[in-house]
Amino acid sequence: MMTEKIHEISPEDEFLGVGKSLTFGLQHVLTMYGGIVAPPLIVGTAAGLNAAQIGILITASLFIGGLATLLQTLGVKYFGARLPLVQGVSFAGVATMIGIATTGGGFNAILGAVIASSIIGLLLAPFFAKVIRFFPPVVTGCVITIIGLSLLPVAVRWVMGGNSNAADWGSIQNIGLAAMTLGILLLLSRFGSETIRRVGILLAIVIGSILAYVLGFGDFSKVGDGAWFAFPDFLGFGAPTFHLSAILAMVIVMIVTLTETTADIIAVGEIVGTDVDDKRIADGLRADMLSSAIAPFFGTFMQSAFAQNVGLVAITGVKSRFVVAAGGIILVLLGLLPVMGRLIAAIPTPVLGGAGLVLFGTVAASGIRTLAKLDYSEQKNLIIVATSLAAGMIPIIDHSFYAQFPVWFKTLFHSGISSTCVMAIFLNILFNHIHFGKKLVDAKSTVARPMVNHEH
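Just so it is clear, the structure is predicted and the values come from calculations on it, not from any experiment.

The rules behind each value
Residues numbered from 1 in each chain as written. Predicted model: local features only at pLDDT ≥ 70, side-chain atom pairs only at ≥ 80, totals over all residues. Heavy atoms only, no water. Helix = DSSP H or I, 4+ residues; strand = E, 2+ residues; numbered from the N terminus. Buried < 20%, exposed > 50% of the residue type's maximum accessible area, 1.4 Å probe, protein only. Contact = heavy atoms within 4.5 Å. Areas by Shrake-Rupley, 256 points an atom, 1.4 Å probe, with all protein chains shown as cover. Core = buried A, V, L, I, M, F, W, Y, C linked by side-chain atoms within 4.5 Å. Salt bridge = Lys/Arg side-chain N within 4 Å of Asp/Glu carboxyl O. Axes fitted to C-alpha atoms, helices over the stretch in contact; angles between N-to-C directions. Parallel < 35°, antiparallel > 145°, perpendicular 65-115°, else oblique. Left-handed = near helix turned anticlockwise from the far one by under 90°. Nonpolar A, V, L, I, M, F, W, Y, C, P; charged D, E, K, R; others polar. Patch = residues over 30% accessible without salt bridge, like charges linked within 9 Å, V, L, I, M, F, W, Y side chains within 5 Å. Phe/Tyr/Trp six-rings, centres within 6.5 Å; stacked < 30°, edge-to-face > 60°. Expected span 1.5 Å × (residues − 1).

## Side note on the overall build of the protein
Summing up its helical and strand segments, the protein has 18 helices and two strands in all. Here the protein, with 456 residues, has 54% of them falling under the buried criterion. In the protein, once contacts between residues fewer than 6 apart in sequence are set aside, the share between residues at least 24 apart is 84%. Looking at the protein as shown, the accessible area adds up to about 19,900 Å², and 68% of this sits on carbon and sulfur atoms.

If you want it as structure tokens, here you go:
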């Protein structure tokens, strides 16, 4: 009698059904909505765009972010990591794009620089993916930890109100609203069923928003103002212009984006418990760069994987890429339906902050779990972890630390994620790949492939 071989479905390939996928997908959208609209809002304002143009810019960012998410999660040949990764406008290039807008040719020069640098990144992706051998657990653990730590200040700013110039910044009311949302999330996590715990973030945000409105803190009065349906205009801001200095500046941003997306792909692979090799990373990076190259034709910017959504995968335990694909569909609809975007934008920022404290802290906890598996009997792992995390904390603690450094250096090290990634890779090579005089006997085990299946 023949024994039938059973093929186990990978966690990321599990389909949970339309209803659950859309519910969990909405949770992803709520988690990253503030992050995806902030860059176009900041850059558009700096570039001198009016309110209507900035609205179009935000709509385009949601639309392209949704399409990029679908490409990354569902994938086609050579494009897409097929992992639960949400894509959106990268924050890494905000400072550079503001510089281009104000001194290097204006808004259209930004669009041209993004197109050119993304095409270069598309060509570099398969070579960049080869760095997977330099991402053992000592590196990935540091990077995942710093992703969480670097996001916590975002959650704290949300808790305080989101706008440091507002009269209620840091008010008892804002912090109390965030604490109430946090309390709801903790109660749902402690006493809720497994299903409720999985959508705990979403339920906490919804309940927190309703209570905020009842208490007089939420303003949903302007949700119905403006157009209900609008399709992003092709070349709506005019044709891109190409300036060499702007392109070179954006190439640095592109390298940072590739670095951060590589770290996010590895991090989500670790959380999901699936194998990530250089081919999968290359497919993910190509999807990143293709989306980034197309985005400027609709008036938006470079795309990247969102670290906060990696944390959502960790805290909910929902590992299906089809859930994130459903989130991508919701983003596309938000890009076509500005009224829905206005509804989500009306959610009080402190509500998002209360949920974000747990969400982003979970990312750091996932990294700490990876670091806990290392052997610290030899001092080298301790030195790599300590120095890498310290380097990553520098720009988080003080953004002006590198103010006197060259522009390319500031661009590369302005992010705690890229700082930690560069430092950890460098120290891993120094301690584990370069041997002076005699070969270290444990080098092979230290640089082994980083991705193994884990039970989570």
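From this point, the narrative continues.
## What about the nonpolar core?
Counting residues in hydrophobic clusters, the biggest one holds 102 residues, and the most contacted among them are L62, F107, I110, I205, M250 and F301. Element by element, the count of residues in this core is highest for helix α9 (residues 244-272), at 14 residues. Among all residues touching I205, those that are not within four sequence positions of it are L30, I347, V351, L352 and A355. Among the nonpolar cores identified, the runner-up in size contains eight residues, and F63, I64, A325 and V332 belong to it.

## A closer look at the pattern of salt bridges
Evaluation of the coordinates by the stated rule reveals three salt bridges. Here K279 ties to D283 by a salt bridge, and the two come within 3.2 Å at their closest N and O atoms. In this pair, K279 and D283 are both assigned in helix α10 (residues 278-294), four residues apart and thus about one turn of the helix distant. Exposure remark for K279: the relative accessible area of 54% places this residue in the exposed category. Residue R286 is joined to D283 by a salt bridge in which the shortest nitrogen-to-oxygen separation is 2.7 Å. Taken as a pair, R286 and D283 lie in helix α10 at a separation of three residues, close to a single helical turn. Across the pair, D283 and R286 agree in class, each one buried. Each of K279, D283 and R286 takes part in a single network of salt bridges with overlapping partners.

## Let's talk about the environment of G317
Note on placement: G317 falls in the loop between α11 (307-316) and α12 (321-336). Using a relative accessible area of 30% as the deciding quantity, one classes G317 as partly exposed. Once the C-alpha coordinates of G317 and I271 are considered, the two residues, 46 residues apart in sequence, prove to be 8.6 Å apart.

## What about the packing of helix α5 (residues 137-160) against helix α15 (residues 379-397)?
Between two packed helices, the angle of one axis relative to the other and the distance separating the axes together describe the packing. It is at 10 Å that the axes of α5 and α15 come closest, and there the two elements cross at 25°. For the element pair α5 / α15, the angle class is roughly parallel. Two packed elements cross with a definite hand, and for α5 against α15 that hand is right-handed. Residues V138, C142, T145, I146, L149, S150 and P153 of α5 touch α15, and the partners they reach there are N381, I384, V385, S388, L389, G392, M393 and I396. Among the residues making up the contact of α5 with α15, the classes are represented as ten nonpolar, five polar and no charged.

## With respect to a nonpolar patch on the surface
Taken together, I196, L203, I207, L211, L215 and F217 make up a surface patch of nonpolar side chains, about 460 Å² in accessible area. No other element matches the three residues that helix α8 (residues 200-214) contributes to the nonpolar patch. Within the secondary structure layout, I207 lies in helix α8.

## Some points on the packing of aromatic side chains
For the coordinates displayed, the defined rule picks out ten aromatic pairs. Here F107 and F301 contribute two aromatic rings whose centre-to-centre distance is 5.9 Å and whose plane-to-plane angle is 65°, an arrangement assigned as edge-to-face. Taken together, the residues span a long stretch of sequence, with F107 in helix α4 (residues 107-128) and F301 in the loop between α10 and β2 (303-305) at a distance of 194 residues. Three or more aromatic residues joined by ring pairs form one cluster here, namely F63, F234, F297 and F298.

## Considering unusual backbone geometry
In this model, Y78 sits at a positive phi of 75°, which is unusual for a non-glycine residue. Position of Y78 among the secondary structure elements: in the loop between α2 (51-74) and β1 (87-89). Y78 gets classed as partly exposed once you look at its relative accessible area, which sits at 48%. Within the chain, R82 stands out as a residue other than glycine whose phi angle is a positive 55°. Relative to the helices and strands, R82 is located in the loop between α2 and β1.

## Quick notes on α9
For α9, built from 29 residues, the straight-helix expectation of 42 Å at 1.5 Å per residue is met to within 8% by its first-to-last C-alpha distance of 41 Å. Counted residue by residue, α9 has 23 buried out of 29 residues, so it is predominantly covered. Looking at the residues trailing α9, positive phi occurs at G273, about 85°.

## Section: the packing of α4 against α9
Running from N to C, α4 and α9 cross one another at 45°; their axes reach a closest spacing of 8 Å. Relative to α9, α4 is oriented oblique. Read as a crossing pair, α4 and α9 show a hand that is right-handed. Seen from α4, the contacting residues are A109, A113, V114, A116, S117, I120, G121, L124 and F128; seen from α9, they are A246, I247, M250, V251, M254, I255, L258, T259 and T262. Residue composition of the contact of α4 with α9, grouped by class: 14 nonpolar, four polar and no charged.

## Notes on the environment of T23
Examined against the element boundaries, T23 turns out to sit in helix α1 (residues 18-46). Note on T23: relative accessible area 33%, which makes it partly exposed. Along the primary structure T23 and A326 are separated by 303 residues, whereas in three dimensions their C-alpha atoms are 8.5 Å apart.

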